[in-house]
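Results of the structural survey
One-letter residues, chain by chain:
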Amino acid sequence: MASSKELIVITGSSGRIGSALIQKLADRYEIIGLDDGEPPLPPPPAHSVEVNLESDASVQKALAHVRATYGQRIAAFVHLAAYYSFDGEPSPKYQTVNVEGTERVLRELQTFQVEQFIYSSSMLVHAPQLPGQPINEDSPLQPKWDYPQSKLAAEQKIMQGHGRIPFTILRIAGVYDDMCHLPALAQQIARIYERKLISHVFPGESRHGQASIHMDDLVTAMTTLIAKRHEVPPDQILLVGEPETPSYADLQHAIGMLIHGEEWETHEIPKVIAKTGAWLEQVALPKEEEPFIKPWMIDLADDHYELDIRRALIALNWEPWHRLMAMLPIMIRALKEDPQGWYETNKLDVPADLPAHPPTAGAAAAREHRSRQ
């Protein structure tokens, strides 16, 4: 399929980041979305190609189709696909998808003319620091659980096996948007909205927090990177996130005021007590109502990540426009206008006693749009 447009190939293209990136790139590039073939599929105008990253044969077949149909020149290959789970249970997919899948893709790409390989990693590969000590790309590495451990292992595969292909590794902060879509923050907002007792306690230093980035800013960073692919260093690592990190206490106060118009009292409790409470909740609830907070998460609850993004600023002339604290009112307004829709879009269990506020016309339209995505 001949095209005058340059070719972009995106794995994980049906996910939130992939879908947003496709919409941003669609006017300028021909886009191939590599996904597992299960709905949802990559949004138009991307062309969908099925692939199983756990299979040598599947990766070979998918990229052979790309070559036969679109040629061997790829302007940018954006590798977003990854396995991720909050259940805390070991899974072989962290190795077979995240690490070996990356290795398979890079191996098959060696016969293409790839101008840039972009890998979506995580700031969580770094060791957490104290407030006032921002992390940069040279800061110590200490991924603490399976997901970031697999991301760091995949980074190492890229450095060892990229061959002639220039690469950029993006270590990304927690990604949110106007509806939230940041799981830990959505849970925090829901606990306060429902006035749960657990919303008043925190297992650690409430002055700690984790860096984040708005989806629009992340997509802008990626599209800028693609546009500048011939200008940036060929093999680089960039941290991308907002330069300010609100603390858990800051978020508690802001959320409480926005939802209930009152200060939200938060007490720091020992981790052992929090683990016991999380375990009891996990045992007591029916399986279909499995709690979000697991005992293993509590050790990580007060890990602090704030980012020094000067390298991205220099390399891309990019910095994020949004700030999480300034976006909270938009998230909370969406929650108040359509509580059920907000819970559903954030994949939260809708409580039986959720306030039955009728959605506004705008909220109803947004909910209908989300149901089509």
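Quick notes on the rules
Residues numbered from 1 in each chain as written. Predicted model: local features only at pLDDT ≥ 70, side-chain atom pairs only at ≥ 80, totals over all residues. Heavy atoms only, no water. Helix = DSSP H or I, 4+ residues; strand = E, 2+ residues; numbered from the N terminus. Buried < 20%, exposed > 50% of the residue type's maximum accessible area, 1.4 Å probe, protein only. Contact = heavy atoms within 4.5 Å. Core = buried A, V, L, I, M, F, W, Y, C linked by side-chain atoms within 4.5 Å. Phe/Tyr/Trp six-rings, centres within 6.5 Å; stacked < 30°, edge-to-face > 60°. Pairing = 2+ DSSP bridges. Axes fitted to C-alpha atoms, helices over the stretch in contact; angles between N-to-C directions.

Attention now moves to the environment of isoleucine 255. Locating isoleucine 255 in the fold gives a position in helix H7 (residues 248–260). Given the relative accessible area of 0%, isoleucine 255 is considered buried. Sequence-wise, isoleucine 255 and leucine 328 are 73 residues apart; in three dimensions their C-alpha atoms are separated by 7.4 Å. The contact partners of isoleucine 255, leaving out residues within four places of it in the chain, are Leu185, Gln188, Ile189, Ile192, His260, Leu328 and Ile332.

Quick look at the nonpolar core now. Among the nonpolar cores identified, the biggest contains 44 residues, and Ile8, Ile10 and Val240 are the most heavily contacted of them. Contributing elements (two or more residues each) for this core: strand E1 (6–11), helix H1 (16–25), strand E2 (29–35), strand E5 (76–79), strand E8 (167–172), helix H6 (215–227), strand E12 (235–240) and helix H10 (310–316). The element best represented in this core is H6, accounting for seven residues. Here isoleucine 8 is in contact with Leu25, Tyr29, Glu30, Ile31, Ile32, Ala75, Ala76, Val78 and Ile226, once residues within four sequence places are set aside.

Attention shifts here to the packing of aromatic side chains. Tallied over the entire structure, the rule returns eight aromatic pairs. Arranged with centres 4.4 Å apart and planes meeting at 75 degrees, the rings of tyrosine 84 and tyrosine 147 form a pair that is edge-to-face. Of the two residues, tyrosine 84 is situated in the loop between E5 and helix H3 (93–109) and tyrosine 147 in helix H4 (residues 146–161); the sequence distance between them amounts to 63 residues. With a centroid separation of 4.0 Å and 20 degrees between ring planes, the pair formed by phenylalanine 202 and tyrosine 248 is classed as stacked.

Here we come to the sheet that holds strand E7 (residues 117–122). Pairing in this open sheet of seven strands is parallel, and the strands run E3-E2-E1-E5-E7-E8-E12 from one edge to the other. The sheet is open, and its two edges are formed by strand E3 (47–50) and E12, each paired on a single side. Strand-to-strand, the axes of this sheet are offset by a mean angle of 20 degrees, without reference to chain direction. When E8 meets E12, the two strands line up parallel, connected through six bridges. If you follow isoleucine 169 over to E12, its bridge partner there is isoleucine 237. Strands in contact with H1 are E1, E2 and E5; relative to E1, the strand with the most contacts, it is inclined by about 170 degrees.

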